[in-house]
There are 2 protein chains.
Amino acid sequence: MSANRRISIAVIRRLPRYYRYLGELLENDIKRISSKELSERMGVTASQIRQDLNNFGGFGQQGYGYNVEYLYKEIAKILGLNNKYKVIIVGVGNLGQALANYVKFEQRGFELCGLFDVNPRLIGMTIRGIEVKDIDEMESFVKENKIDVAYLTLPKSKVRKVAEDLASWGVKGLWNFSPVDLDLSSDVVVEDVHLSDSLMTLSYRINRQMQLKEAQTKKSNK
Amino acid sequence: MSANRRISIAVIRRLPRYYRYLGELLENDIKRISSKELSERMGVTASQIRQDLNNFGGFGQQGYGYNVEYLYKEIAKILGLNNKYKVIIVGVGNLGQALANYVKFEQRGFELCGLFDVNPRLIGMTIRGIEVKDIDEMESFVKENKIDVAYLTLPKSKVRKVAEDLASWGVKGLWNFSPVDLDLSSDVVVEDVHLSDSLMTLSYRINRQMQLKEAQTKKSNK
DNA sequence: AAAACTATGTTTAAATTATAACATTTACTT
DNA sequence: AAGTAAATGTTATAATTTAAACATAGTTTT
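Since we're looking at a predicted model, the values are computed, not measured. (Residues numbered from 1 in each chain as written. Chains lettered and ligands numbered in written order. Predicted model: local features only at pLDDT ≥ 70, side-chain atom pairs only at ≥ 80, totals over all residues. Heavy atoms only, no water.)

A. Looking closely at the protein's contact with DNA strand D. Taken together, 26 residues surround DNA strand D, and among them Ser35, Gln62 and Tyr66 of chain A together with Gln51 and Gln62 of chain B come closest. Close to the protein, within 4 Å, the atoms of DNA strand D are drawn from sugar and phosphate at a rate of 66%. A distance of 3.3 Å separates a base nitrogen of DNA strand D from a polar atom in the side chain of Arg50 of chain B. Counting only elements with at least two residues in the surface near DNA strand D, the list comes to helix 3 (46-54), strand 2 (60-61) and strand 3 (65-67) of chain A together with helix 3 (46-54) of chain B. Counting residues per element, the surface near DNA strand D draws most heavily on helix 3 of chain B, which supplies four residues. Split into classes, the residues belonging to the surface near DNA strand D amount to four nonpolar, 18 polar and four charged. (Near = heavy atom within 4 Å. Polar contact = N/O pair within 3.5 Å; in protein donor to acceptor, adjacent residues only side chain to side chain. Helix = DSSP H or I, 4+ residues; strand = E, 2+ residues; numbered from the N terminus. Nonpolar A, V, L, I, M, F, W, Y, C, P; charged D, E, K, R; others polar.)

Written out as structure tokens, the structure is:
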């Protein structure tokens, strides 16, 4: 297993889910778990769990299974949850404020350091002891405080420019909530949360479900 | 092409993105587009675009390409964006409030009808003219108003029970923001937005990126 | 009006991803 | 202590997904 073999993004996106389930097991004082039992709880195949984990190393023991606490910590390491990231939020509208108040993210190492907006009515306000600053002050703030990550919760018309600026100032990751694809030249990582896309998918699936249901009742009625 | 052949969720999740790009083309008064040009703009293959669309029908014309406005409307139909859904939000904390204020969702057919919480300090408050009600009133409200969809923005400890109730009251879709997997027996559709998972993925990718960068500079320095 | 070109829809091939199978090691039981 | 059962890590197979190839229909140009 070459350390630098690229691991599929699908695998990565399953890790947080494993992590969540292991956390629950821990809370219930369950010390060990087999891939089989975990697979039944999670609704995936045991084979997939074993394969996914073995991308990163052999964390289990034959005949025994996995030690829950150990595996939990190892996944945290893989995901880099022991690292600390200094965060700013750009755009302190409703969503920005909501994210600012989410304490859980801090537990994952994402420490909120700054809030920025253009709206004079928001500037000066404080959330969890942090003052909302004018976006004009952002450049010096980011550079001086070595900000790692920015949550982008500003209108889509402005997000591209802001993203480019942040990237050029050395920010490593962007959590993008705008319905825009940011294709930045530099090696900054962009993680999108396209709420609108998600809602459209929900719409499709509801319709699909209703069609299926209709077809079923029709079938059983003839 | 059988009308009832199940279409992969990966395809479905690409549709909103196509829709977004087509919307932008429309705004720029671009009347027609070929799969090739769209593929270049979007950073996907032309083949994939054609294949994806052909799951639902032949919307293009050989030698010409796709009529932007027509395709835009067809994708809206596929996604069910012409339908109207009556929505309630359960849990009017920061995130719930943020979603309540998002007007864009209304444009997609998701009409906010009710807000519910257990917190007495929130009950009675209004957002966009809608009063926050006690969660005890939810059952009759959902049944009387034939609510289709609920946004779940309440603490994870309570979300399972609420989801089961809503499902039993005939709600068709749940937009779940809690870090919990809702496996409901009924045929209600659950669309998850696991923000915490997304953030962990960002964490992984930032680390990965930094490792790559380090390896690069090391290489070029020897 | 004919020829050259464009670009779809569809078929075929390649690549990727997921599942199953299995050999081996460890744990547990009698 | 020996034998049986359990469960991993890994290899092989199957399924799915993506990309390429291509035949055909339609458009544009001369």
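B. Quick peek at the side chain of Asn55 of chain B. Take Asn55 of chain B: it is sitting in the loop between helix 3 and strand 2 (60-61). A polar contact is formed between the side chain of Asn55 of chain B and the backbone oxygen of Gln51 of chain B, at a distance of 3.2 Å.

C. Fine view of the sheet that holds strand 8 (residues 149-152) of chain B. Residues and elements named next belong to chain B. Read across the sheet, seven strands follow the order 6-7-5-4-8-9-10 without closing on themselves; strand pairing throughout is mixed. For this open sheet the edge positions go to strand 6 (126-127) and strand 10 (189-192), each flanked by a neighbour on one side alone. Docked against the sheet, helix 8 (residues 156-168) engages strand 4 (85-90), strand 8 and strand 9 (173-176), running at close to 180° with respect to strand 8. (Pairing = 2+ DSSP bridges. Contact = heavy atoms within 4.5 Å. Axes fitted to C-alpha atoms, helices over the stretch in contact; angles between N-to-C directions.)

D. Here's a closer look at the relation of the copies chain B and chain A. Each copy of the sequence occupies a distinct position, and chain B is placed on chain A by a rotation of 180° and an axial shift of 0.0 Å, giving an RMSD of 0.0 Å. Taken together, the rotation and translation relating the two chain copies correspond to the operation of a two-fold axis. Residue by residue, 100% of the interface of chain B is reproduced at the interface of chain A, so both copies engage with the same surface. (Least-squares fit on C-alpha atoms with pLDDT ≥ 70 in both.)

E. Looking closely at the protein's contact with DNA strand C. In the vicinity of DNA strand C, 26 residues are found, and the nearest of them are Gln51 and Gln62 of chain A together with Ser35, Gln62 and Tyr66 of chain B. Backbone atoms, meaning sugar and phosphate, form 65% of the atoms of DNA strand C found within 4 Å of the protein. In the environment of DNA strand C, a base nitrogen lies 3.3 Å from a nitrogen or oxygen atom belonging to the side chain of Arg50 of chain A. Within the contact set of DNA strand C, a base oxygen lies 3.0 Å away from a side-chain nitrogen or oxygen of Arg50 of chain B. The element best represented in the surface near DNA strand C is helix 3 of chain A, accounting for four residues. Its residues assigned to classes, the surface near DNA strand C shows four nonpolar, 18 polar and four charged.

F. Representation of the packing of aromatic side chains in the model. All names here are of chain B. According to the stated counting rule, one finds 18 aromatic pairs over all chains in the structure shown. Pairing Phe59 with Tyr70 gives two aromatic rings, centres 6.4 Å apart and planes at 65°, and the pair type is edge-to-face. Note that Phe59 is positioned in the loop between helix 3 and strand 2 and Tyr70 in helix 4 (residues 68-79), a separation of eleven residues in sequence. Its relative accessible area of 39% is what places Tyr70 among the partly exposed residues. Relative to Phe177, the ring of Trp175 has its centre 4.9 Å away and its plane inclined at 70°; by these criteria the two rings are edge-to-face. Relative accessible area serves as the criterion here: at 0%, Trp175 is assigned to the buried category. (Phe/Tyr/Trp six-rings, centres within 6.5 Å; stacked < 30°, edge-to-face > 60°. Buried < 20%, exposed > 50% of the residue type's maximum accessible area, 1.4 Å probe, protein only.)

G. Structural view of the pattern of salt bridges. The final tally for this structure, using the stated rule, is 31 salt bridges over all chains. Arg14 of chain A serves as the salt-bridge partner of Asp52 of chain A, at 2.7 Å between the closest nitrogen and oxygen. On the criterion of sequence distance, the pair formed by Asp52 of chain A in helix 3 and Arg14 of chain A in helix 1 (residues 9-27) is long-range, its members being 38 residues apart. Given a relative accessible area of 3%, Asp52 of chain A falls into the buried group. Between Glu191 of chain A and Arg205 of chain B there is a salt bridge; the shortest N-O distance is 2.9 Å. One end of the pair, Glu191 of chain A, is in strand 10 (residues 189-192); the other, Arg205 of chain B, is in helix 9 (residues 195-221), on a second chain. Residue Arg205 of chain B is classed as partly exposed on the basis of its relative accessible area of 24%. (Salt bridge = Lys/Arg side-chain N within 4 Å of Asp/Glu carboxyl O.)

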